Amino acid sequence: ADDFYTGLRHARVRGPNYDEFIDEIMRSLVERWPGLLIQFEDFDNRNGFRLLEKYQNNYLTFNDDIQGTASVALAGYLSALRVKESALVDETILFQGAGLAGCGIADLLVLEMMAQGASLEKARSRIFLVDSQGLVTTSRGTLPEHKNKYAKDASALTHIASLLDVIKGIQPTALIGVSAQHNAFTTEVLAEMAKINARPIVFALSNPTTKAECTAEDAIQKTDGRALFCSGSPFDSFVYGGRVFEPCQGNNTYIFPGLGLGVLAAGATHITDDMFRVASRTLSQMVSDADLDKGSLFPPLEDIRSVSLFIAVACAEYAWDSKVATKARPDDVEAHVMALMYSPHYSPLPRV
């Protein structure tokens, strides 16, 4: 036992008592602070998805591990597609990792594909999941719902022994790592992605750096400089083939401050999945050609205030357009949002 542990000394509460406790917290928070935005963070697979489903339409709330991560990943993906000049519905996307983050990203990618005209069945068919047991297939029997909807028919897939075998079997255009397995994207894996794609999309989203599936430099070097790379951990700039690469971390900070500000500015009753898609599109639109030329799929993090402003305006506009806003729509939405932004600048105090 840890002598310095300050919590209650008994096994973690689960089941009905746990749910009743969370219910009480949610009710109490909004009774005390009406209109409060509640962000869920670091809830495990057993609770993350079901609590989001339970509260999403009844409270102003979101789960950053599921939805925030998904939104920044979708933004990076949309930026990569600008370079490839390809449509999302034509992509084949392989995930290494099938937990909250992986399935959350998959769900938002599916939503964006559907917005571009794909059916639900078609969109889900473009997503493949690999977890600790290999490729997620229907042959496993009972699966949690967040995995089951992406499970593939095992009889149609003969190469499922390893990540490399899966890549050879399904020929993905994108590889997204959310497994927290350091160096899971080996030289062989990256080389195979480069072999089957002119511009392979490689997202190593696990953090910290010690859990990243590969480094930015590895992704670029092992694909002959052709990978469109995004990471969940920060990596330094480097030179390859006479070109300076400045990979930008796909940080959730790009999404949740702006989205949160936008829904509060509009007085939204709840946060829809489409709001995260709107945030993704807005963030991607802020990526310049100069950013892409440097190998970055995001704008500089130093521009976060302006990024957050544009995302907030887009999300607020969406809240009004979709009839989930309770505040009157101002004539100048941008000015309305800017007036709500905190500024860390203070006037000098007079000497006394």
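Quick note: structure is the one above.
The following paragraphs examine the structure supplied in this document. (Residues numbered from 1 in each chain as written. Predicted model: local features only at pLDDT ≥ 70, side-chain atom pairs only at ≥ 80, totals over all residues. Heavy atoms only, no water.)

1. Details of the nonpolar core
Spelled out, the test is: Note on terminology: a nonpolar core comprises buried Ala, Val, Leu, Ile, Met, Phe, Trp, Tyr and Cys residues joined through side-chain atoms within 4.5 Å. Partly exposed residues are those whose accessible area sits between 20% and 50% of the maximum for their type, while under 20% is buried and over 50% is exposed, using a 1.4 Å probe and protein chains only. For the purposes of this entry, the term helix denotes a DSSP run of H or I that reaches at least four residues, the term strand denotes a run of E that reaches at least two, and both are numbered from the N terminus. It only takes one pair of heavy atoms within 4.5 Å for two residues to be counted as in contact.
Judged by nonpolar contacts, the single largest core of 74 residues is most densely connected at Tyr77, Ile93, Phe95, Leu109 and Ile127. Counting residues per element, this core draws most heavily on helix H3 (residues 64-84), at 10 residues. Setting aside residues no more than four positions away along its own chain, Ile93 makes contact with Tyr77, Leu88, Leu109, Met113, Arg126, Ile127, Phe128, Ala174 and Ile176. Residues Leu163, Ile167, Leu190 and Ala216 belong to the second largest nonpolar core, which totals 27 residues.

2. Focus: the packing of aromatic side chains
What counts, and what does not: Aromatic pairing here means that ring centres of Phe, Tyr or Trp (its six-membered ring) are within 6.5 Å. Orientation follows from the plane angle: under 30 degrees is stacked, over 60 is edge-to-face, and everything else is tilted. Remark: a charge is flagged as sitting over a ring if the NZ atom of Lys or the CZ atom of Arg is within 6 Å of the ring centre and within 35 degrees of the ring normal.
Inspection of the entire model under this criterion finds eight aromatic pairs. The interplanar angle of 70° and the centroid separation of 6.0 Å between the aromatic rings of Tyr77 and Phe203 together place this pair among those described as edge-to-face. With Tyr77 in helix H3 and Phe203 in strand E7 (residues 201-204), this residue pair connects regions lying 126 residues apart in the sequence. Given the relative accessible area of 1%, Tyr77 is considered buried. Exposure remark for Phe203: the relative accessible area of 0% places this residue in the buried category. Members of the aromatic cluster, each reached through a chain of ring pairs, are Phe40, Phe43, Tyr55 and Tyr59. For the cation-ring pair, Lys152 lies above Phe128, with the distance from its terminal atom to the ring centre recorded as 4.8 Å.

3. What to know about the pairing of strand E8 (residues 228-231)
Applicable threshold: By definition, two strands form a pair when at least two bridges between them are found by DSSP.
Of the two faces of E8, the one lined by Leu228 and Cys230 and the one lined by Phe229 and Ser231 are each fully buried. Pairing between E7 and E8: four bridges, direction parallel. Its bridge partner lying in E8, Phe203 is registered against Cys230.

4. Considerations on the pattern of salt bridges
To be explicit about the condition: Note on definitions: salt bridges are taken to be side-chain nitrogens of Lys or Arg within 4 Å of carboxyl oxygens of Asp or Glu.
Applying the stated criterion to the full structure yields 16 salt bridges. For the salt bridge of Asp23 with Lys54, the shortest nitrogen-to-oxygen distance reads 3.1 Å. Residue Asp23 is located in helix H1 (residues 16-32), and its partner Lys54 is located in helix H2 (residues 48-55); the two are separated by 31 residues in the primary sequence. Exposure remark for Lys54: the relative accessible area of 33% places this residue in the partly exposed category. A salt bridge links Arg140 to Asp131, with the shortest nitrogen-to-oxygen separation between them at 2.6 Å.

5. Description of the sheet that holds E8
Rules: All axes here are fitted lines through C-alpha atoms, helices being fitted over the stretch that makes contact, and every angle between N-to-C directions spans 0 to 180 degrees.
Pairing is mixed across the open sheet formed by six strands, whose spatial order is E5-E4-E3-E6-E7-E8. Lying at the two open borders of the sheet, with one neighbouring strand each, are strand E5 (134-135) and E8. Of the strand pairs in this sheet, strand E3 (residues 93-96) and strand E4 (residues 127-131) are connected by four bridges, and their pairing is parallel. What sits directly across from Phe95, in E4, is Leu129. This element, helix H4 (residues 100-115), spans E3, E4 and strand E6 (174-177) of the sheet and lies at about 165° to E3. Packed on one face of the sheet, helix H7 (residues 163-170) meets E3, E4, E5 and E6 and runs near 170° to E3.

No statement about biological role is implied by the geometric values presented.
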